Amino acid sequence: MNKIQGSKSQDEAGPMPGLPEQSQSPAASDQVADESGLQTERLLLRPWRIGNADDVQDLYRYAQDPEIGPSAGWAVHRSVQESAEVIDQVLARPESYALVLKETGHIVGSMSFKTPSNTVWPDGCTPDRTMGIGYWIGRPYWGQGLAVEAAKELLRHGFEDLGLSDIYGVHDVENHKSERVMDKLGMEWVRIAEHVRLPLLPGEVYRDQAIRCLIRRQWESRQS
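Computed from a predicted structure; not experimentally measured. (Residues numbered from 1 in each chain as written. Predicted model: local features only at pLDDT ≥ 70, side-chain atom pairs only at ≥ 80, totals over all residues. Heavy atoms only, no water.)

Concerning the pairing of strand E5 (residues 130-137)
Test applied: Using a 1.4 Å probe on the protein chains alone, a residue whose accessible area is under 20% of its type maximum counts as buried, one over 50% counts as exposed, and one in between counts as partly exposed. Helix and strand definitions follow DSSP, with helices as H or I runs of at least four residues and strands as E runs of at least two, each counted in order from the N terminus. For two strands to count as paired, DSSP must find a minimum of two bridges between them.
In terms of residue burial, E5 counts as a mostly covered element, since six of its eight residues are buried. Where strand E4 (residues 106-114) lies against E5, six bridges are found, and the strand directions are antiparallel. Bridging across to E5, Ser110 finds its partner in Trp136.

Considering the pairing of strand E3 (residues 96-101)
Most of E3 is tucked away: six of the six residues are buried. Of the two faces of E3, the one carrying Ser96, Ala98 and Val100 and the one carrying Tyr97, Leu99 and Leu101 are both buried. Bridge count between E3 and E4: six bridges; the pairing is antiparallel. Looking across to E4, one finds that Val100 is bridged to Ile107. From the end of E3 to the start of E4, which pair antiparallel, there are four residues, and Gly105 there has a positive phi angle of about 80 degrees.

Some thoughts on helix H4 (residues 80-91)
To keep things clear, this is the line we draw: Here, the arc refers to the directions that run from the helix axis to the C-beta atoms. When checking whether two residues touch, look at their non-hydrogen atoms; a contact exists if any pair is within 4.5 Å.
Turning to H4, its buried residues are Ser83, Val86, Ile87 and Leu91. Down the axis of H4, the buried side of the element spans an arc of 100 degrees, and every buried residue falls inside it. For H4, exposure combined with an orientation more than 90 degrees from the buried face picks out Gln81 and Gln89. In this fold, the buried residues of H4 make contact with helix H2 (53-63), E3 and E4.

Just geometry here; none of it tells us what the structure is for.
Spelled out as structure tokens, the structure:
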């Protein structure tokens, strides 16, 4: 697996006060050593685990934060049980990864490939070998370059291991943190989709969304 040097950036704003610091336990160390998955210098990208209390607690710790889910298009989690159900029904699937900080063994975010939404392809006809990338990072870990570090490895995995030809990303036009991440990944602007309804948020929520894309030959030219 590629190891990518992570450097601090301002892609995400500073830490959230009031959350307890995470400390590493022997079990956490063993998990980082034993779990198979994609890796970077600071992160292990591994599958989410259904029914695992640690995964559930780590997810709920950040998913209850109103600064996380709504900016990514999903609702704040109201209980630990809701987080458990989201892992079971949404996150525990192929090409969906918990981002585990090697230093602590705890999850600090999530990243995945999935079929691009109708925002990207309104007719529902997604070309072969095309996927969309989505991600979030817990607020205490904003500003450390973790999203870019993880996404670089996931892009490599997509192009080299999965044989993808195009990888799309979508972010709200007002979500400048996500915009900067995609800028650093070299994802080019395709178009602005106006007045897009976000069905996972309560009520009738509409936002303008930027559609970005990185094609295989562009990615390859930057690796040499």
